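Next come the chains, spelled out residue by residue.
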Amino acid sequence: MNDRETRRVLTAEDLTFIGQRLRILDPYGGVKPWERDRLWAAVLDVHLEAETRADREAFRELVGALRVLDLLDRHFLLK
């Protein structure tokens, strides 16, 4: 077997479960169902509305969480 045949895959339901466990995304619409574009739009709104240092730090944390989910989406999501 080559690498492609043994590669693990995730479904949208798997990404939804992983995203829900991140709790950080809950105040921004959560991740159910898995909708990458909607989540990024909600997080970018946080950036646009950020007024304090704490808001900007929260934005960076959200981006980090979404980058992890994007990596899983790109490399492991069954399409």
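Up top is the structure these notes are about.
On to the side chain of Thr16. By secondary structure assignment, the location of Thr16 is in helix 2 (residues 12-21). In this structure Thr16 touches Val31, Lys32, Pro33 and Trp34, once residues within four positions along its chain are discounted.

This part is about helix 3 (residues 36-49). The terminal C-alpha atoms of helix 3, which comprises 14 residues, lie 20 Å apart, in line with the 20 Å expected from a rise of 1.5 Å per residue. Buried residues in helix 3 make contact with helix 4 (53-76).

Time to look at unusual backbone geometry. Despite not being glycine, Arg23 shows a phi value in the positive range, around 40°. Tracing the backbone through its elements, the reader meets Arg23 in the loop between helix 2 and helix 3. Here Arg23 falls in the exposed class, since its relative accessible area comes to 55%.

Time to look at the packing of helix 2 against helix 4. Where helix 2 meets helix 4, the axes come as close as 11 Å, and the angle between the chain directions of the two elements is 165°. Taken together, the axes of helix 2 and helix 4 lie roughly antiparallel to each other. Relative to helix 4, the crossing made by helix 2 is right-handed. Contact with helix 2, carried on its side by Leu15, Ile18 and Gly19, involves Leu69, Leu72 and Asp73 of helix 4 and no other residues of that element. Looking at the contact of helix 2 with helix 4 residue by residue, the class counts come to four nonpolar, one polar and one charged.

What follows is about the packing of helix 3 against helix 4. Across the interface, helix 3 lies against helix 4 with an axial gap of 9 Å and an inter-helix angle of 165°. It follows from the interaxial angle that helix 3 and helix 4 lie roughly antiparallel. Seen from above, helix 3 lies across helix 4 with left-handed handedness. Along its contact with helix 3, which presents Arg36, Leu39, Trp40, Val43, Leu44, Val46, His47 and Glu49, the element helix 4 presents Asp55, Phe59, Leu62, Val63, Leu66, Arg67, Asp70 and Asp73. Of the residues that constitute the contact of helix 3 with helix 4, the class distribution is nine nonpolar, one polar and six charged.

Reading the values: rules and limits
- Residues numbered from 1 in each chain as written.
- Predicted model: local features only at pLDDT ≥ 70, side-chain atom pairs only at ≥ 80, totals over all residues.
- Heavy atoms only, no water.
- Helix = DSSP H or I, 4+ residues; strand = E, 2+ residues; numbered from the N terminus.
- Contact = heavy atoms within 4.5 Å.
- Expected span 1.5 Å × (residues − 1).
- Buried < 20%, exposed > 50% of the residue type's maximum accessible area, 1.4 Å probe, protein only.
- Axes fitted to C-alpha atoms, helices over the stretch in contact; angles between N-to-C directions.
- Parallel < 35°, antiparallel > 145°, perpendicular 65-115°, else oblique.
- Left-handed = near helix turned anticlockwise from the far one by under 90°.
- Nonpolar A, V, L, I, M, F, W, Y, C, P; charged D, E, K, R; others polar.

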